[in-house]
Amino acid sequence: MTQLPPGFKITRETDSEEFFINMGPQHPSTHGALRLALRMDGENIVEIVPHFGYIHRGMEKQGESMTYLQYIPMSDRQDYLTAIQNNLGLVLAYEKGMNIGVPEKAEYIRVMLSELGRIASHLVFFGCFGGDLGGQTCLLFGFKEREMIHDMLEEVTGSRLTTNFFRPGGSRFDVPENFIPRVKSFLDHLEDTMKDYERFLSKNIIVLERSVGIGVLSREDAISLGCSGPVLRASGVDFDVRRANPYSIYDQMDFDVPVFHNGDCYDRYKIRIAEIHESMKILRQCVDKFPKEGPYRSKEKPVKLNPGRYYSEIETAKGLYGTYVVAAAGDKPYRIHTRGPSFPHVGALNKMCQGGKISDLVVVMATLDPVIPEIDR
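Remember, predicted model here, so these are calculated numbers, not experimental data.

The rules behind the values
- Position numbers for residues start from 1 in each chain and track the written sequence from start to end.
- At least 70 in pLDDT is required for a residue's local features to be given in this predicted model, at least 80 for side-chain atom pairs to be given and counted, and no such filter applies to totals for whole chains, interfaces and linings, which use all residues.
- Water and hydrogen atoms play no part in the side-chain values, which are based on all heavy atoms of the structure.
- Helix and strand definitions follow DSSP, with helices as H or I runs of at least four residues and strands as E runs of at least two, each counted in order from the N terminus.
- Relative accessible area decides the class of each residue, using a 1.4 Å probe on protein chains only: under 20% of the type maximum gives buried, over 50% gives exposed, and in between gives partly exposed.
- When checking whether two residues touch, look at their non-hydrogen atoms; a contact exists if any pair is within 4.5 Å.
- Each accessible area value is a Shrake-Rupley result obtained with a 1.4 Å probe; residue values ignore everything except the protein chains displayed when judging cover.
- Note on charges: Lys and Arg go in the positive column, Asp and Glu in the negative column, and His and the chain ends are not counted at all.
- For this purpose, a charge sits on NZ of Lys, CZ of Arg, CG of Asp or CD of Glu.
- Polar contact is defined as a pair of N or O atoms within 3.5 Å, subject to the rule that within protein one atom must be able to donate a hydrogen and the other to accept it, and that residues adjacent in sequence are counted only when both atoms are side-chain atoms.
- Strand pairing follows a simple DSSP-based rule, namely that at least 2 bridges must link the two strands.
- In this analysis an axis means a line fitted to C-alpha atoms, helices contributing only their contacting stretch, and an angle means the value between N-to-C directions, from 0 to 180 degrees.
- Here is the rule: rings of Phe, Tyr and Trp (six-membered ring for Trp) pair when centre to centre is within 6.5 Å. Planes less than 30 degrees apart are stacked, more than 60 are edge-to-face, and the remainder are tilted.
- Here, a charge over a ring means that NZ of Lys or CZ of Arg falls within 6 Å of the ring centre while also lying within 35 degrees of the ring normal.

Chemist: I keep staring at the overall build of the protein and nothing clicks. Help me out?
Modeler: What the protein contains, in helices and strands, is 15 helices and eight strands. For the protein, the spread of C-alpha atoms along the three principal axes comes to 70 × 50 × 30 Å. A burial count over the protein gives 56% of its 377 residues as buried. Within the protein, counting contacts between residues at least 6 apart in sequence, those at least 24 apart form 70% of the total. For the protein, the accessible area works out to roughly 15,900 Å², and carbon and sulfur atoms hold 52% of it. Separation of charge centres in the protein, based on 45 positive and 50 negative side chains, amounts to 5 Å.

So, in C-alpha cells, the structure goes:
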C-alpha cells in the first residue's frame with residue numbers, strides 16, 4: 001500500500017499484510033452511532049480512527065435562536081444518562097450571568113437528584129460492561145435498580161429520562177412529601193444489592209482475564225488527552241470537580257474521591273463501583289439534613305443574562321461537563337458551547353488499544369462509557 005486511508009498517521013515498515021476494517025457506525029458495542037476505522041495487523045490493532053457526526057444535530061447553533069430557558073431541555077438530550085446533572089451544569093452558568101442566589105432547600109434537591117443520576121448512570125455502565133463481556137444477566141441486573149431511580153425521578157420531575165427540571169434560582173417544583181422516605185428506602189435496598197453486584201463481577205475469572213492489564217491509559221496520557229471523571233481517576237489522577245472546584249453544597253458533604261492507579265479496564269470498572277458507594281454516602285447525609293421547610297426556588301425569575309461571558313463546570317457520572325455562554329442583549333444566548341467528557345475519552349481510544357487484540361476493543365470501549373449524542377451535539 002503506497003498511501004494510507006484518510007485519518008491514519010502511523011507509518012512503519014512491516015512485512016505483514018495490513019488491512020483496514022470498519023467497526024460501526026451501527027454496532028452494539030460502540031454505544032451509539034460511532035464508526036471506528038481500524039488498521040489491523042492480523043488480530044492486533046495498529047491504529048484506530050474514530051469517525052463522529054452520524055447523528056449531528058447542531059444543538060449549540062439552535063441555541064442561538066432559543067431563549068435561555070428554552071435551551072435547558074437541550075442539555076438533557078446531550079447525555080440522556082446524566083440528564084439531570086447536565087441541567088444543573090447549564091443553570092449554574094445562567095445563574096452567574098443572572099446574579100441570582102439559590103435557597104438552601106433547592107441546593108439539597110439539586111445534590112440529591114444529581115447523585116441519584118450518577119448512580120443510575122453507573123448502573124447502566126455496570127450492565128453494559130457485563131453485557132459487552134457476554135454476561136447478559138448483568139444487563140438485566142443493572143437496569144433493575146436503575147428503574148427504581150427513574151421511578152423516583154418521574155415522580156419528582158414528571159419525566160424518566162429527559163428531566164428538564166432545574167431552573168435558574170432553584171427547580172421547577174418542590175419534591176413530593178414521600179421523596180425523602182423513598183430515597184432512604186432505596187439506599188437500604190441498594191446497599192444489599194451492591195454486595196450481589198460486586199460478588200457477581202468483581203472476582204469473576206472472565207472479567208479478571210479480560211480486563212486486568214487491558215486498555216491501559218497512563219496518568220500522563222490521561223491528562224494530556226483531556227480525560228476526566230472515572231477514566232482519569234482510574235489512571236491515578238485525584239481530580240473531581242466536586243472537590244477541586246465545589247459547587248452547590250458539595251463543600252458541606254463528607255465523601256471520598258476514589259482513585260485507582262493501574263489505568264486498566266478493571267480499575268475503570270472498580271472505580272465506578274466505589275463511586276456508587278460514595279454517592280450513597282452523600283445521599284444519606286442529604287436525607288438527614290434535608291430542610292423540611294423553605295422555598296425551592298428564588299423569588300426572582302430573570303429571563304436573560306447580563307452581557308458577558310460565563311462558564312460553569314460540574315462533575316457528571318462520566319466526567320467534567322463544562323458550559324460556556326456568551327451573553328449579549330436580549331433573552332437568547334449569543335453563543336453557547338458545551339464541553340462534554342465523552343469526546344476526549346473516545347479520542348483516547350487509539351492510545352489505549354494500540355498493540356492490543358481486536359477482541360479487547362469492545363471491553364475498552366465499555367469502560368470508557370461514552371454517549372455519542374454528547375459528542376454529536
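Chemist: Explanation requested: the environment of Ser235 in the structure shown.
Modeler: Summarising the element assignment, Ser235 is placed in the loop between α9 (229-233) and α10 (241-244). Ignoring sequence-local partners within four residues, the contact set of Ser235 consists of Leu217, Ser218, Arg219, Ala222, Phe260 and Gly263. Within polar-contact distance, the side chain of Ser235 engages the backbone oxygen of Leu217 at 2.7 Å.

Chemist: I keep staring at the sheet that holds strand β2 (residues 35-41) and nothing clicks. Help me out?
Modeler: To summarise the sheet geometry, strands pair through backbone hydrogen bonds and adopt either a parallel or an antiparallel arrangement. On the basis of which strands lie adjacent, the open sheet formed by three strands has the order β1-β2-β3 and antiparallel pairing. Here the strands that pair on one side only, and so sit at the sheet edges, are β1 (19-23) and β3 (44-51). Strand-to-strand twist across the sheet, computed as the mean angle between neighbouring axes with direction ignored, equals 25°. One ladder, built from seven bridges, connects β2 with β3; its direction is antiparallel. Considered in β3, the bridge of Asp41 is made with Asn44. Packed on one face of the sheet, helix α14 (residues 358-368) meets β1, β2 and β3 and runs near 145° to β2.

Chemist: I would appreciate a short explanation of the environment of Arg309 in the present structure.
Modeler: Inspection of the secondary structure assignment puts Arg309 in strand β6 (residues 308-315). Between the C-alpha atoms of Arg309 and Arg39, which are 270 residues apart in sequence, the distance is 43 Å. Arg309 has contacts with Tyr324, Val325 and Val326, leaving out every residue within four places of it along the chain.

Chemist: Mind showing me how you'd approach the sheet that holds strand β7 (residues 320-327) here?
Modeler: Read across the sheet, three strands follow the order β6-β7-β8 without closing on themselves; strand pairing throughout is antiparallel. Whereas interior strands pair on both sides, the edge strands pair on one side only; in this sheet they are β6 and β8 (333-339). Between one strand and the next, the sheet's axes are offset by a mean angle of 10°, whatever the strand orientation. As paired strands, β7 and β8 are joined by six bridges and run antiparallel to one another. Bridge pairing links Thr323 to Thr338 in β8. The sheet strands contacting helix α3 (residues 83-98) are β6, β7 and β8, and the helix crosses β6 at an angle near 150°.

Chemist: How should the packing of aromatic side chains be read in this particular structure?
Modeler: In this description, an aromatic ring pair is defined by two values, namely the gap between the centres and the angle between the planes. All told, the structure shown has twelve aromatic pairs when counted by the stated rule. Centroid distance Tyr247 to Tyr250: 5.1 Å. Interplanar angle 70°. Geometry classified as edge-to-face. Like Tyr247, the residue Tyr250 is buried in the burial classification. With relative accessibility at 2%, the residue Tyr250 sits in the buried group. Taken together through their ring pairs, the aromatic side chains of Phe125, Phe129, Tyr266 and Tyr269 make up a single cluster. One cation-aromatic arrangement involves Arg272 over Phe125; the distance from NZ or CZ to the ring centre is 4.3 Å.

Structural measurements only, silent on function.
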